[in-house]
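One letter stands for each residue in the lines below.
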Amino acid sequence: MRQVLENSKETLVSVNDELKALRQYLEVEVLRLENRLSFEIEELGDQDLEECLIPALLLQPIVENSIWHGILHRPDKSGHIHIQLKSSKDFLYIDIRDDGVGRQFHQQEKKDHQSSGLDITRKRLKLMEEIYKKPFKVQVTDREKDGKACGTTVSFIIPVIIEKMPLWSKQC
């Protein structure tokens, strides 16, 4: 949890630091859920993730939503989260895929509910776009198999950032 607190002090952190905090969070959740949760973090591509920066605490709220709103609503209250990072010269592509109940389950329950975590993430990415003059994107896709919801994928496209802008080097 210390890593999460350290990362929360920063606007941008290395991808490796973000993944370290995310791994620790997921390991605690695995214990809390008595091993009914499994996860995998897969890194592909040609960028050194230690040098790449992303918005701090970008991934953890999405993974938390996957657990609380997807996996824990399955009849067996168990599931899997797969996180894949692909890097190219210019962009990081991050997919967070779960095998939870999907968004339709909650849309039937709460027609007026909007995910505040996702809304805050979109606003943060919009601000990053304005500062860096590069696209920061998030997309949510419902997964289906045989016409039935079988989870959700949240995909990020983040430009490769190697150094912080002067504005971001100080605490806001």
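Residues numbered from 1 in each chain as written. Predicted model: local features only at pLDDT ≥ 70, side-chain atom pairs only at ≥ 80, totals over all residues. Heavy atoms only, no water.

Caption draft 1: Region of the structure containing the nonpolar core. If you look at the biggest cluster of nonpolar residues, it comprises 40 residues, and the most contacted ones within it are Leu26, Val63, Ile67, Ile81, Ile83 and Phe156. If one sorts the elements of this core by residue count, helix α2 (residues 15-32) sits on top with 6 residues. For Phe156, the residues in contact, after removing those within four places along its chain, are Leu58, Leu59, Ile62, Leu92, Tyr93, Ile94, Ile96, Thr121, Leu125, Lys137 and Val138. (Core = buried A, V, L, I, M, F, W, Y, C linked by side-chain atoms within 4.5 Å. Buried < 20%, exposed > 50% of the residue type's maximum accessible area, 1.4 Å probe, protein only. Helix = DSSP H or I, 4+ residues; strand = E, 2+ residues; numbered from the N terminus. Contact = heavy atoms within 4.5 Å.)

Caption draft 2: Expanded view of the packing of α2 against helix α3 (residues 60-70). Taken N-terminus to C-terminus, the directions of α2 and α3 make an angle of 20 degrees; their axes are 10 Å apart at the nearest point. On the basis of their axis angle, the class for α2 and α3 is roughly parallel. Pair α2 / α3 crosses with right-handed handedness. Only Gln60, Val63, Glu64, Ile67 and Trp68 of α3 make contact with α2, whose side of the interface consists of Glu18, Leu22, Tyr25, Leu26, Glu29 and Arg32. Grouping the constituent residues of the contact of α2 with α3 by class yields 6 nonpolar, 1 polar and 4 charged. (Axes fitted to C-alpha atoms, helices over the stretch in contact; angles between N-to-C directions. Parallel < 35°, antiparallel > 145°, perpendicular 65-115°, else oblique. Left-handed = near helix turned anticlockwise from the far one by under 90°. Nonpolar A, V, L, I, M, F, W, Y, C, P; charged D, E, K, R; others polar.)

Caption draft 3: Representation of a negative patch on the surface within the structure. Judged by side-chain charge, Asp17, Asp48, Glu50 and Glu51 come together as a negatively charged surface patch. Position of Asp48 relative to the elements: it lies in the loop between β2 (37-45) and β3 (53-55). (Patch = residues over 30% accessible without salt bridge, like charges linked within 9 Å, V, L, I, M, F, W, Y side chains within 5 Å. Areas by Shrake-Rupley, 256 points an atom, 1.4 Å probe, with all protein chains shown as cover. Salt bridge = Lys/Arg side-chain N within 4 Å of Asp/Glu carboxyl O. Lys, Arg positive; Asp, Glu negative; His and termini not counted. Charge placed at Lys NZ, Arg CZ, Asp CG, Glu CD.)

Caption draft 4: Focus on the pairing of strand β6 (residues 137-145). When β6 meets strand β7 (residues 148-159), the two strands line up antiparallel, connected through 9 bridges. The partner of Val140 across the bridge, within β7, is Val154. Where β6 folds back on β7, the antiparallel hairpin that results is connected by 2 residues, among which Asp146 adopts a positive phi of roughly 55 degrees. (Pairing = 2+ DSSP bridges.)

Caption draft 5: Highlighting the pairing of β7. Sheet analysis places strand β5 (residues 91-98) next to β7, joined by 8 bridges and oriented antiparallel. Bridge pairing links Phe91 to Pro159 in β7.

Caption draft 6: The sheet that holds β5, seen in detail. Pairing is mixed across the open sheet formed by 5 strands, whose spatial order is β2-β4-β5-β7-β6. Since the sheet does not close on itself, it has two edges, and those belong to β2 and β6, each with one partner. Direction aside, neighbouring strands of the sheet carry axes that sit 15 degrees apart on average. Where α2 meets the sheet, it contacts β2, β4 (79-87) and β5, and its direction lies at approximately 165 degrees from that of β2. Strands in contact with helix α5 (residues 116-132) are β6 and β7; relative to β6, the strand with the most contacts, it is inclined by about 140 degrees.

Caption draft 7: Layout of the side chain of Asp98. Within the secondary structure, Asp98 is located in strand β5. The buried charged residue Asp98 lacks any salt bridge partner; its closest oppositely charged side chain belongs to Arg143, at an N-O distance of 5.4 Å. At a separation of 3.0 Å, a polar atom in the side chain of Asp98 contacts the side chain of Ser66. Each residue touching Asp98, except ones within four places of it in the same chain, is listed here: Ser66, Ile71, His80, Ile81, Arg143, Cys150, Gly151 and Thr152. (Polar contact = N/O pair within 3.5 Å; in protein donor to acceptor, adjacent residues only side chain to side chain.)

Caption draft 8: The arrangement of unusual backbone geometry in detail. Positive phi outside glycine occurs at Lys77, with the angle close to 50 degrees. The residue Lys77 is located in the loop between α3 and β4 in this model. For Lys133, which is not glycine, the phi torsion reads 55 degrees and is therefore positive.

Everything listed is a geometric property; what it means functionally is a separate question.
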